[in-house]
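Below, each chain spelled out in residue letters.
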Amino acid sequence: MAKSSRKEHQVMFAEEEAGSKSLDEINGSIKVPKNAGFWKTLLTYTGPGILIAVGYMDPGNWITSIAGGAQFKYTLLTVVLISSLTAMLLQAMAARLGIVTGKDLAQLTRERTGKATGIILWIITELAIMATDVAEIIGSAIALELLFKIPLIVGIIITSADVLILLLLMKLGFRKIEAIVAVLVAVILLVFTYEVLLSKPDVGQMLQGYIPSPRILTNRSELYLALGIVGATVMPHDLYLGSSISQTRAVDRSDHKAVKRAIRFSTIDSNIQLSIAFIVNSLLLILGAALFFGTNSDLGRFVDLFNALQDSKVVGAIASPVLSMLFAVALLASGQSSTITGTLAGQIIMEGFIRLKMPLWAQRLLTRLLSVTPVLIFAIIYKGNEAKIEGLLTFSQVFLSVALPFAVVPLVQYTSSEELMGEFKNRAWVKYAAWFVTIVLVILNVWLILQTLGINI
């Protein structure tokens, strides 16, 4: 890059930083050592990736992954692998966008589309946040019911109040939030590792499952479930979140080396944490295959899974109430960690698309109310019936599918722009791989929407 061009690019950064910042209260709040070694620097950058990863292993993934194993054994592990690699590519691009421009994806999309389009995109994306929260709130509320016999409606209200916890944590510092989410992720990982070890899966067949099988494309029901795994894994709100919280580390954007180092370590952090999400999703599918394949069990709901784990007729000699309780604990940990990140994403989207000016506590409360209201209404209408309320999960995926292209397409476009990214734009192979992934995701999600609505093609 020519010196004059680099200078103009640095001036652009300075002008942009003069405006509003994404998540202003935590933006650049964590100092980064300048001359530290690899491991100390990586430790400083470790954290945002953990918050991103929880979106890829939230309760919305659980039913799909376990059902995939129960119906088709280990075959769909290859889909889990492909979904995880796709997530790594897109999240690395989101982090790069935030670090280089000093703005998040929502802010840049609003700036480059105008007010009217920005409001429309906000509505679409807000519906996606609400759809994501449906699974998280329902998962947490059902876990509270299973663990403590708390009525579902009361559990939903308790879950919706966790935004107050987030407000308190923000006062303590962003590192505290990262640490708490990391503990919750560790609980999920340990629980499912333990349960899979007890289930004694066939290791040879399990490893073979990561090799792509042409049968997935020829078997319609298997293809549908495979697309469900992809759709439940790649979350649009995580791209907005990733582009914002990558800016929590204080980086001098006028320093070429500092920006390059920030991109490098943020990408490493993201890939490490998404590898953990990949392991968790694999464990879920392996658990479904090892315990439920060939049993003809009804595993369409969280309660069904809870009951099956203590039923010796389904899972054999390892059945016990302890397994069920551990499952509920992991479900609660997943729901709570996901609601923290979902609330942050909601604030990013609201500030970026409609530039809403209101106190931070009010922003977070409004974001949470928008998400919890439809779930609470359904819970009241159906008088706390778990089966009816969990039916919302299927249709919630439609909103996620609709919103995904509106996040992925701008992300690829912006990160490939030399005018916006300068020398940090996507390399040619990254650009073409990202556009290929985007096109495939759009096609798959359109197909999923049609199938969910009962339109066969």
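Asker: An account of the overall build of the protein chain is needed here, citing residue identities and associated values.
Answerer: In terms of helices and strands, the protein chain carries 23 helices and 0 strands. A sequence separation of at least 24 residues applies to 84% of the contacts in the protein chain between residues at least 6 apart. As displayed, the protein chain offers around 18900 Å² of accessible surface, 66% of which is attributable to carbon and sulfur atoms.

Asker: Outline the confidence of the model for the protein chain, listing residues and values.
Answerer: Overall, the prediction assigns the protein chain a mean pLDDT of 81, with 85% of residues at 70 or greater. Predicted confidence in the protein chain is weakest over helix α1 (residues 3–17), with a mean pLDDT of 43, and strongest over helix α5 (residues 77–101), with 93. Taken together, the stretch residues 1–18 has pLDDT below 50 and engages in 23 contacts with residues farther than four places along the chain or on a different chain.

Asker: Any chance you could break down the nonpolar core for me, citing the residues and the numbers?
Answerer: Among the nonpolar cores identified, the biggest contains 125 residues, and Trp-62, Leu-76, Phe-192 and Phe-327 are the most heavily contacted of them. Counting residues per element, this core draws most heavily on helix α15 (residues 256–292), which supplies 17 residues. Ignoring anything within four residues of it in the chain, the contact list for Leu-76 reads Gly-68, Ile-216, Glu-222, Leu-225, Ala-226, Ile-229 and Leu-285. Grouped together as the second largest cluster of nonpolar side chains are 6 residues, Ala-131, Met-235, Leu-400 and Ala-403 included.

Asker: Break down the side chain of Arg-253 for me, citing the residues and quoting the values.
Answerer: Structurally, Arg-253 can be placed in the loop between α14 (236–245) and α15. Reaching out from Arg-253, the side chain makes a polar contact with the backbone oxygen of Ile-99 at a distance of 2.6 Å.

Asker: Can you lay out a nonpolar patch on the surface for me, pointing to particular residues and giving the numbers?
Answerer: A surface patch of nonpolar side chains, amounting to about 360 Å² of accessible area, comprises Ile-377, Phe-378, Ile-381 and Tyr-382. Structurally, Tyr-382 is set in the loop between α19 (360–381) and α20 (386–390).

What counts and how
- Going along each chain's sequence as written, the residues are numbered from 1 onward.
- Where local features are concerned, this predicted model is filtered to residues with pLDDT of at least 70; where side-chain atom pairs are given and counted, the filter is 80 or more; whole-chain, interface and lining totals use all residues.
- Side-chain measures were taken over the full set of non-hydrogen atoms in the model, leaving aside hydrogen atoms and water.
- Numbering of helices and strands runs from the N terminus; a helix is a DSSP stretch of H or I covering at least four residues, while a strand is a stretch of E covering at least two.
- Contacts between residues were defined by any pair of non-hydrogen atoms, one from each residue, lying within 4.5 Å.
- Only the protein chains shown count as cover for residues, with accessible areas throughout obtained via the Shrake-Rupley method and a probe of 1.4 Å.
- Here pLDDT means the predictor's own confidence in every residue, given as a number from 0 to 100.
- The definition of a nonpolar core used throughout is a set of buried Ala, Val, Leu, Ile, Met, Phe, Trp, Tyr and Cys residues joined through side-chain atoms within 4.5 Å.
- The cut-offs for exposure are 20% and 50% of the maximum accessible area for each residue type, with area from a 1.4 Å probe on protein chains only; residues under the lower value are buried, those over the upper are exposed, and the others partly exposed.
- We define a polar contact as two N or O atoms separated by no more than 3.5 Å, with the added condition that, inside protein, one atom must be a possible hydrogen donor and the other a possible acceptor, whereas residues neighbouring each other in sequence contribute only through side-chain atom pairs.
- Residues enter patches when their relative accessible area tops 30% and they take part in no salt bridge; the joining distance is 9 Å for like charges and 5 Å for the nonpolar side chains Val, Leu, Ile, Met, Phe, Trp and Tyr.
- Basic side-chain nitrogens of Lys or Arg form a salt bridge, by our definition, when they fall within 4 Å of a carboxyl oxygen of Asp or Glu.

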